[in-house]
Amino acid sequence: MWKVAICDKDCEICSYIENIMLEYQKREWLPFIIEVFQSGVEFVNAMKEGVFFDLIFLDVRMRGIDGIKIGHMIREVMENEDSKIVYMSEEKEYAMDLFAVRPFQFLLKPLKKEEILQVTQNAVRLMKKDDNYFYYKKKRELKKIHVKNILYFEKIGKKINIIFSDGTTDWFYGTLKQIYKELEKFQFFYCHQSFLVSYHHVKMFKYEYLIMKNGEEIPISQPKRKKVREMQIKMEASIDRE
């Protein structure tokens, strides 16, 4: 599932892009969630709250905070190199000023449907190649985190705690069973009915517990010990063959 942000001070332009995206989404059966912003401040606040956008159509002259400043915030302050930024402007001169932000594309206004579709198709092709992300919903927001940044999940009642490699945490409602279906291919495994762990963040395997790279100890339940050991041997053997 991919999130698309359409950011322009002109509501007609926002509606124009949104309608093209919805038509393309329906035709290609794509998992888009589209959000529209007419204020630069509103858009920045959404990203600061942890909302990730895969594709961003961004007007250079946004209200409150202009598009160039927003781009620098995304790349430098938020350290986000993954969002694909498509700048839009009536003036060609801006194109040279945007290189430092590493935009995905620059569209000159008035916008053309075929150009929006081409940019979207190119973005989708790249996103399909690099969809190593885990998505979860919290308070009506869809959040996205790269799989490599997840240490483990812990189930407590109906809540799932998610622990990240930078020391931060978050939570959402869900089931470990569904998460396992999505992340098994990334070497996540059960060591306990309440814990789903990333093999790549395990520092040491003990008989009764795991030592994670952040120093935490995660219990290995008795029913899971055989499978954990089998998985460990399998992974170490695959590494030795490389």
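Just so it is clear, the structure is predicted and the values come from calculations on it, not from any experiment.

Draft legend 1. Local environment of the packing of helix α2 (residues 40-48) against helix α3 (residues 67-77). Closest axis-to-axis distance for the α2/α3 pair is 11 Å, and the angle between their directions is 10°. Judged by the inter-axis angle, α2 sits roughly parallel to α3. Along its contact with α2, which presents Gly40, Phe43, Val44, Met47 and Lys48, the element α3 presents Ile70, Met73 and Ile74. A class-by-class count of the residues in the contact of α2 with α3 yields 6 nonpolar, 1 polar and 1 charged.

Draft legend 2. Local environment of the environment of threonine 168. If you trace the backbone, threonine 168 turns up in the loop between β9 (159-164) and β10 (169-173). In the structure, threonine 168 is positioned 24 residues away from histidine 192 in sequence and 22 Å away in space, judged by C-alpha atoms. Here aspartate 166 takes part through its side chain, which lies 2.6 Å from a polar atom of the side chain of threonine 168.

Draft legend 3. View of the packing of helix α1 (residues 11-28) against helix α5 (residues 113-129). Interhelical geometry of α1 versus α5 gives an angle of 50° and a closest axis separation of 10 Å. In terms of axis orientation, α1 runs oblique to α5. With respect to the hand of their crossing, α1 and α5 are arranged in right-handed fashion. When α1 is examined against α5, the residues Tyr16, Ile17, Ile20, Met21, Glu23, Tyr24 and Arg27 are found in contact with a partner set consisting of Lys113, Ile116, Leu117, Thr120, Gln121 and Val124. Considering only residue class, the contact of α1 with α5 consists of 8 nonpolar, 2 polar and 3 charged.

Draft legend 4. Geometry of the packing of aromatic side chains. For the structure shown, the criterion picks out 15 aromatic pairs. When the centroid spacing of 5.6 Å and the interplanar angle of 40° are considered together, the rings of phenylalanine 43 and phenylalanine 53 count as tilted. With a gap of 10 residues between them, phenylalanine 43 in helix α2 and phenylalanine 53 in the loop between α2 and β3 (55-59) connect regions that are remote in the sequence. When its relative accessible area of 0% is taken as the criterion, phenylalanine 53 is described as buried. Consider the rings of tyrosine 152 and phenylalanine 195, whose centres lie 6.0 Å apart with planes at 50°: the pair is tilted.

Draft legend 5. Region of interest: the side chain of lysine 138. In this fold, lysine 138 is placed in strand β6 (residues 133-138). Here the side chain of lysine 138 touches aspartate 170 through a polar contact of 2.6 Å, side chain to side chain. Apart from residues lying up to four places away in sequence, lysine 138 is in contact with Lys143, Asp170 and Trp171.

Draft legend 6. Spotlight on the sheet that holds β3. Strand order in the open sheet formed by 5 strands is β2-β1-β3-β4-β5, with parallel pairing between adjacent strands. Looking at the sheet topology across the chains shown, the edges are occupied by β2 (32-37) and β5 (105-108). When the angles between neighbouring strand axes are averaged without regard to direction, this sheet yields 15°. Two strands pair when backbone bridges link them, and strand β4 (residues 84-89) and β5 are joined in this way by 4 bridges, in the parallel orientation. Bridged to valine 86 within β5 is glutamine 105. Against the sheet, α3 touches β3 and β4, its axis set at about 170° to β4.

Draft legend 7. Structural context of α1. In this model, α1 (18 residues) spans 26 Å end to end at C-alpha, consistent with the 26 Å of a helix rising 1.5 Å per residue. Buried residues in α1 make contact with β1 (2-7), β2, β3, β4 and α5. You can read the cap of α1 off the contacts: a side-chain oxygen lies 2.8 Å from the backbone nitrogen of glutamate 12, and it is on aspartate 10. Tryptophan 29 sits one or two positions beyond α1 and adopts a positive phi of about 55°.

Draft legend 8. Spatial organisation of α3. When α3 is considered as a whole, its buried residues turn out to be Gly67, Ile68, Ile70, Gly71, Met73, Ile74 and Arg75. By the N-cap criterion, in which a side-chain oxygen at the helix start approaches the backbone nitrogen of a residue two or three places on, α3 is capped by aspartate 66, the distance to isoleucine 68 being 2.9 Å. Glutamate 79 sits one or two residues past α3 and shows a positive phi near 50°.

Draft legend 9. Expanded view of the pattern of salt bridges. Evaluated as defined, the whole model comprises 11 salt bridges. Here glutamate 35 makes a salt bridge to lysine 3, at a shortest N to O gap of 2.6 Å. With glutamate 35 in strand β2 and lysine 3 in strand β1, the pair connects residues that are 32 residues apart, well separated along the chain. Look at glutamate 35 and you get partly exposed, because its relative accessible area is 22%. For arginine 75, the salt bridge identified is with glutamate 81, shortest N-O distance 3.9 Å. It is possible to trace a salt-bridge network through shared partners that takes in Asp8, Lys9, Asp59 and Lys109.

Basis of the calculations
Residues numbered from 1 in each chain as written. Predicted model: local features only at pLDDT ≥ 70, side-chain atom pairs only at ≥ 80, totals over all residues. Heavy atoms only, no water. Axes fitted to C-alpha atoms, helices over the stretch in contact; angles between N-to-C directions. Helix = DSSP H or I, 4+ residues; strand = E, 2+ residues; numbered from the N terminus. Parallel < 35°, antiparallel > 145°, perpendicular 65-115°, else oblique. Contact = heavy atoms within 4.5 Å. Nonpolar A, V, L, I, M, F, W, Y, C, P; charged D, E, K, R; others polar. Polar contact = N/O pair within 3.5 Å; in protein donor to acceptor, adjacent residues only side chain to side chain. Left-handed = near helix turned anticlockwise from the far one by under 90°. Phe/Tyr/Trp six-rings, centres within 6.5 Å; stacked < 30°, edge-to-face > 60°. Buried < 20%, exposed > 50% of the residue type's maximum accessible area, 1.4 Å probe, protein only. Pairing = 2+ DSSP bridges. Expected span 1.5 Å × (residues − 1). Salt bridge = Lys/Arg side-chain N within 4 Å of Asp/Glu carboxyl O.

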